[in-house]
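Remarks on the overall topology
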Amino acid sequence: MMLSNTLVRTTTRRIMSTATSCSSRRSASTSSVAQAFKKQGEDARRAALPLLAVAAVGGFAVTVGRREETAKCIAQTDSAAKAVEQKFATYWPRNIMILFGPPGAGKGTHGPKIEGLLGIPQLSTGDMLRAAVAAKTEVGLKAAAVMKAGGLVSDDIVIGIIRDRIREPDCKFGFILDGFPRTLVQAQALDKMLAEEGACVTKVVELQVPDEVLEERICGRWIHKSSGRSYHVKYAPPKTMKLDNNGNPIPESMKDDETGEALMQRPDDTSAALVKRLQSYHGETVPILNHYKPHGVVSEVNANQSMDGVWGEVLGALKRGGN
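Residues numbered from 1 in each chain as written. Predicted model: local features only at pLDDT ≥ 70, side-chain atom pairs only at ≥ 80, totals over all residues. Heavy atoms only, no water.

This part is about the overall build of the chain. Within the chain, the regular secondary structure consists of nine helices and seven strands. Residues counted as buried form 29% of the 323 residues belonging to the chain. Looking at the chain as shown, the accessible area adds up to about 20400 Å², and 58% of this sits on carbon and sulfur atoms. (Helix = DSSP H or I, 4+ residues; strand = E, 2+ residues; numbered from the N terminus. Buried < 20%, exposed > 50% of the residue type's maximum accessible area, 1.4 Å probe, protein only. Areas by Shrake-Rupley, 256 points an atom, 1.4 Å probe, with all protein chains shown as cover.)

For the rest of this paragraph, the subject is the sheet that holds strand β1 (residues 95-100). Across the sheet, five strands lie side by side as β2-β3-β1-β4-β7; this open sheet has parallel pairing. Only two strands of the sheet have a single neighbouring strand rather than two, namely β2 (122-124) and β7 (298-302). The average angle at which neighbouring strand axes cross in this sheet is 25°, direction not considered. When strand β4 (residues 203-208) meets β7, the two strands line up parallel, connected through five bridges. The residue of β7 that forms the bridge with Val 205 is Ser 299. Contacts from helix α8 (residues 271-292) reach β1, β4 and β7, with the element oriented near 150° to β1. (Pairing = 2+ DSSP bridges. Axes fitted to C-alpha atoms, helices over the stretch in contact; angles between N-to-C directions. Contact = heavy atoms within 4.5 Å.)

The predicted structure's coordinates, where accompanied by low pLDDT, should not be read in detail. Chain-level pLDDT for the chain is 80 on average; 73% of the residues reach the 70-or-more range. Note that pLDDT drops below 50 for residues 1-34; the model gives that stretch zero contacts with residues more than four away or on any other chain. (pLDDT = per-residue confidence, 0-100.)

Together, Leu 117, Leu 118 and Leu 315 make up an exposed nonpolar region whose accessible area comes to about 220 Å². Along the chain, the position of Leu 117 falls in helix α2 (residues 107-118). (Patch = residues over 30% accessible without salt bridge, like charges linked within 9 Å, V, L, I, M, F, W, Y side chains within 5 Å. Salt bridge = Lys/Arg side-chain N within 4 Å of Asp/Glu carboxyl O.)

This part covers the environment of Lys 293. Inspection of the secondary structure assignment puts Lys 293 in the loop between α8 and β7. Of the residues examined, Lys 293 reaches a relative accessible area of 40% and is grouped as partly exposed. Measuring from C-alpha to C-alpha, the distance between Lys 293 and Val 204 comes to 8.8 Å, with 89 residues separating the pair along the chain. Beyond its immediate stretch of four places on either side in the chain, Lys 293 contacts Val 298 and Glu 300.

As a further point, take helix α6 (residues 184-196). Residue pairs spaced three or four apart in an α-helix point in one direction, given the helix's 3.6 residues per turn. Here α6 contains 13 residues, and its C-alpha end-to-end distance of 19 Å stays within 8% of the 18 Å for a straight helix at 1.5 Å per residue. Those residues of α6 that are buried lie in contact with β1, α5 (155-165), β3 (174-178) and α8. Taken from the residues just after α6, Gly 198 is the one with a positive phi, measuring 75°. (Expected span 1.5 Å × (residues − 1).)

Structure, rendered in structure tokens:
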């Protein structure tokens, strides 16, 4: 019995010793393998660094190359666009338009919209005259001398101011005349000047409104002087407008929507002045329209309707062959 126990204990110790030895060997082996893998990983990373650097440089070069290619493409596109513009300006007829309409017909509303649509400037004779005087051009000095003496600026001077203005780059595709010509003589002088420039009037648009409708429009109109933006207490009030107890606008509340600057009413925007202005307009404008009608360039627009309706007719008139 004692021998049996001794053998068991001896066998057990040998088994435990063998297991411990094997475990140690396995642990050592596992550690060695881990270290080997770690070393291989480090070696691989070191070997990959030059490749990654080359790839990074290559990628940067590709990005730079693409950017340069894009910039070159944009430059070529811009150059081609400018060439087309120059060809258009040189060989195609300029879009020269005259906008007519009695006081309150909506020239101040639709003129800037036409300007934005066609990309050509709207030229006011008053603005051109003041600019020429301020710039002290040759014709501007002549105009300044006449005005200083209390005289009226002659048609020749006005035509000279227009000639100088339409030679500026923004007029190379055309322009819109507002407030000129006012008489048949001025229209004939304008035609002569344009013919000397190799151009002619290509479109005349008249905004038509019955006289009896215009009084309400005129007497409710307010103007932003520096921009020419037009407002109306009923049809297009400024956002700041406030009314008194009688329903009339409070002057101090009339501000331009864009600048916040004060609006004004023209001294001749009264019922009494309107009668004379309309008589003058009809007497002077009808002969001008009759002058241009044989050329097939006159279009009449019913401006006694909604804003959208008027603009729709204006768009129709602006198209080639529109009437």
